[in-house]
Structure formats: C-alpha cells, structure tokens
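Overview (structure and organization)
Below are the chains, spelled out letter by letter.
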Amino acid sequence: MNSSPATTNASLMARGMTALREKGDIELYANVFVIAWAVIITLWQGTGFAVTLGTVFCIWAILSVSLNLVVGYTGLLSVGHIGFFGIGAYGMAILTSDTSYELLRTESIAQFGWPFFAALPVCVIAAGAVALAVGAVFNRFRDDIYVLVSFGFAIIAFNVFLSWRGLTRGAYGIRDVARPKIGSWEVSGELDFLILCAVFLLIVVGISWFLVSSSFGRVLKAIREDEQVAQVFGYRTTFYKLAIWVISAMMAGLAGGLFGSFTTFVDPNSFILLESMLLVSIVILGGLASIRGSLLGALAFVLLEEGMRFIPFLPSEFVGQARQVVLGVLLVLLMLFRPQGLAGRYKL
C-alpha cells in the first residue's frame, strides 16, 4: 500500500529534525570536550602557561578563520597560506628589529627601526599585494590544479625566506623583533600581548562574519556549489575569488606580524610546507564554512600541540612525531565518520 504525500513529508521532516539534533549534539560535545581540556591544562600548568596558550591560540585562530574563507566558504583548497603568514612575520622582523648585533658574526641586513604599530599595517598590505599578484594567476585554475599551484607558491615562499639573505638573513633568522609600544607604554608582559592578540582576533572574526553574512558571502557559497551556475546568473566569479583571496591573505599577514613580535625571532623553519598542511588540517578539523569551527579547530590543535609535552610516558624527543600521528588519526576518523568536521556545514 502506497503512503500518502503527507505521510512521506512527515517522515522526511522527522528525519531532518533527527539529523539536526544529532549535528547539534556532536557540536555541543566537541565544544564541551575541547573547553574542558583547556580548563584542565590551565589548572594543571598554571596561569602563566594559560596566557601563553591563549596567545598562540589567537594567532592560529586568525590564520584558521582566514583560510576558512577560501577553503570552506569559497571551495578553493589552498595549501599556500603559510607563505602569507611568513610575509607578515618577516615584514615585522625586518622593519622593527635591530640587527647591529650581527655585525661580528655575519652580514647585517637593512635596519629601519619602525615601531610595531607602524610596521603591522605594512605587513598586512605586503601580504595583500603578493596575494593580488599571485591570485591573478591562480584564478585561471580550478580544483586539483589550484591545489598544485598553491602548493608551488608555498615552496617558492619558503625558498625566498631561506635564500634572500640580504633581506631575511636566510637560515640565521632575525631576532630581537620589537614588541608593541605606544608612547612610553610597551606591551612587554605576556598578558598584555594576549589582550592585544585577542582584540585583533575579535576584529578578524567580526570582519569575517560580516563578509559571509552579506550578499558577498552568498556569492562565495554559490561559487563553492557550482561556479558555472554563478557565472550564468551574471556574477563575475573571478573578481569574487580574487577579492576573498586577498582579504584572507591580509588576515594571514596580520597573524604573521603578531607571531613575529610574540616570538621575537623569525626564521624559515616556521614556514615550511608541513606548517601549511597543519593549517589546512585545523580548518578541516574544526569544520568547513564555520567561523566557530575554525576557532574550535585552532583551540583543539593548540591544546594538542602544547598538551602532549606533559604526557609523562612520552619521551620529549618523540613529542613532535606523536603530535603528527595523533592529528593524522583524528583527521582519518573525521573523514570516515564526520567529513564536514566538528562544526562544519559542508563536506570536504
């Protein structure tokens, strides 16, 4: 006996409601678990460690949110974002550090002596300018080819950082990067720097939320679903892709500037291809096309990165490899059971 249309609709509605409840439950469990993990580590290691953890989280969260605009909302899988992060970090190091201490060891690089707040906008603009140049080329490619050319950009960026010794000092790196300073007040304390990073994170999240909630964001989602259909409706998809690419790169340059000032030392090893893969993994872990998911993924990654150092039975020389193994296992499990990530809206 055939069921009536009303019965069929009611069944479909019930299934949809069940799926929504299950999705909400998973997101709730993930949030509670990660936050509880953070509280436990904070209580265990003390407030000083928690402040450092919070600063690292803010920097990686800015990176994660910026990349999610490209990967999650627009559907462009890029593995070259670490290059823009490096441009921001090196921009901060070159413009603010005092390299006179190197005269006795090796050649010195140009000194500018800029304050932090003068150098930071330059870092953001420099990352955006490079993104505009390479994005004009990237827009010609799609899908797998896009991934390969972004892969090539990450390799090129690393080799520029390593080989352009007259600007970056190569493998020696640049140290004594300046901390933020306003008049006679210097943001030298870790808590002050955490507050500064948190303010910039809130700004980035606010801008990102505004973009994805606007008509601009709806076009990005349309490009993700089917770029050719978006073109049929009259949208210049190349413009939208280039615009979000540049905006995302500028956010990454901001994170790089904060990173350079926070560590006070910048060298090429912080911008290897593995770091770019980790960044993509954070976005996938947290969830595609979800700003909240990007924050959750960044927090989970930072907790994994720092928390595994305190496992008593794990020798310190194996901590780095163990982190990668655990993260890899988590990603495999997610691809099998929840390919949209912890709080994502779309599957990879």
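Okay, so let's go over this structure. Counting starts from 1 at the beginning of each chain's written sequence and moves along it residue by residue. Residues qualify for local features only when their pLDDT is at least 70, as the model is predicted, and side-chain atom pairs are given and counted only at 80 or more; totals for whole chains, interfaces and linings, by contrast, use all residues. Each side-chain value is worked out from all heavy atoms of the structure, with water and hydrogens disregarded.

**Brief notes about the overall build of the protein**
- A helix here means a DSSP run of H or I that spans at least four residues, while a strand means a run of E at least two residues long, and both kinds are numbered starting from the N terminus. Within the protein one finds 13 helices and four strands.
- In what follows, a contact means two residues having at least one pair of non-hydrogen atoms within 4.5 Å. Relative to all contacts within the protein whose residues are 6 or more apart in sequence, the contacts with residues 24 or more apart total 79%.

**As for the environment of Val205**
- Inspection of the secondary structure puts Val205 in helix α7 (residues 190-213).
- Buried residues are those whose accessible area, probed at 1.4 Å on protein chains only, stays under 20% of the maximum for their type, while exposed residues exceed 50% and partly exposed ones sit between those limits. Look at Val205 and you get buried, because its relative accessible area is 19%.
- Separated by 89 residues in the primary sequence, Val205 and Ser294 have C-alpha atoms spaced 10.0 Å apart.
- In contact with Val205, not counting residues within four places along its chain, are Val65, Ile291 and Leu295.

**Remarks on the nonpolar core**
- Core analysis: the biggest nonpolar cluster contains 104 residues, and Trp60, Phe84, Trp245 and Phe271 have the highest contact counts within it.
- For this core, the element with the highest residue contribution is helix α2 (residues 47-71), accounting for 16 residues.
- Not counting chain neighbours up to four residues away, the residues in contact with Trp60 comprise Glu275, Leu279, Ile282, Ala298, Phe301 and Val302. The set of buried Ala, Val, Leu, Ile, Met, Phe, Trp, Tyr and Cys residues whose side-chain atoms join them within 4.5 Å is what this entry labels a nonpolar core.

**Section: the packing of aromatic side chains**
- Note on aromatic contacts: the rings of Phe and Tyr and the six-membered ring of Trp form a pair at centre separations within 6.5 Å, being stacked when their planes are under 30 degrees apart, edge-to-face when over 60 apart, and tilted otherwise. Counting across every chain of the model gives 18 aromatic pairs.
- Aromatic side chains Tyr146 and Trp245 sit 6.2 Å apart centroid to centroid with 85° between the ring planes, which places their arrangement in the edge-to-face category. One end of the pair, Tyr146, is in helix α5 (residues 143-163); the other, Trp245, is in helix α10 (residues 237-263), and 99 residues separate them in sequence. Judged on exposure class, the residue Tyr146 and its partner Trp245 are both buried.
- Among the aromatic residues, those joined into a cluster by ring pairs are Phe84, Phe138, Tyr146, Phe153 and Trp245.
- In this arrangement the basic side chain of Arg179 is found over the ring face of Phe193, its NZ or CZ atom lying 4.7 Å from the centre. The rule for a charge over a ring is simple: NZ of Lys or CZ of Arg within 6 Å of the ring centre, and within 35 degrees of the ring normal.

**Points about helix α8 (residues 215-225)**
- Among the residues making up α8, those that are buried are Phe216, Gly217, Val219, Leu220, Lys221, Ile223 and Arg224.
- The secondary structure elements touched by the buried residues of α8 are α2, α7, α9 (227-232) and α10.

**Considerations on the packing of α7 against α10**
- Across the interface, α7 lies against α10 with an axial gap of 11 Å and an inter-helix angle of 175°. The orientation of α7 with respect to α10, classified from their angle, is roughly antiparallel. Facing Glu190, Phe193, Cys197, Phe200, Val204, Ile207, Ser208 and Leu211 of α7, the residues of α10 in contact are Ile244, Ile247, Met251, Leu254, Leu258, Ser261 and Phe262.
- By residue class, the composition of the contact of α7 with α10 is twelve nonpolar, two polar and one charged. Lines fitted to C-alpha atoms define the axes, with helix axes restricted to the stretch in contact, and inter-axis angles between N-to-C directions lie between 0 and 180 degrees. The cut-offs work like this: below 35 degrees is roughly parallel, past 145 is roughly antiparallel, 65 to 115 is roughly perpendicular, and the gaps in between are oblique. Residue classes follow a fixed rule: Ala, Val, Leu, Ile, Met, Phe, Trp, Tyr, Cys and Pro count as nonpolar, while Asp, Glu, Lys and Arg count as charged, and any other residue, Gly among them, counts as polar.

**Some remarks on a nonpolar patch on the surface**
- Patches draw on residues past 30% relative accessible area with no salt bridge. Two like charges within 9 Å are joined, as are two nonpolar side chains (Val, Leu, Ile, Met, Phe, Trp, Tyr) within 5 Å. In these tables, accessible area is a Shrake-Rupley quantity obtained with a 1.4 Å probe, and a residue counts as shielded only by the protein chains included in the view. Salt bridges, as used here, are contacts in which a Lys or Arg side-chain nitrogen is within 4 Å of a carboxyl oxygen on Asp or Glu. Together, Val325, Val329, Val332, Leu333, Leu336 and Phe337 line one region of the surface with nonpolar side chains, adding up to about 620 Å² of accessible area.
- Here Val329 is to be found in helix α13 (residues 319-337).

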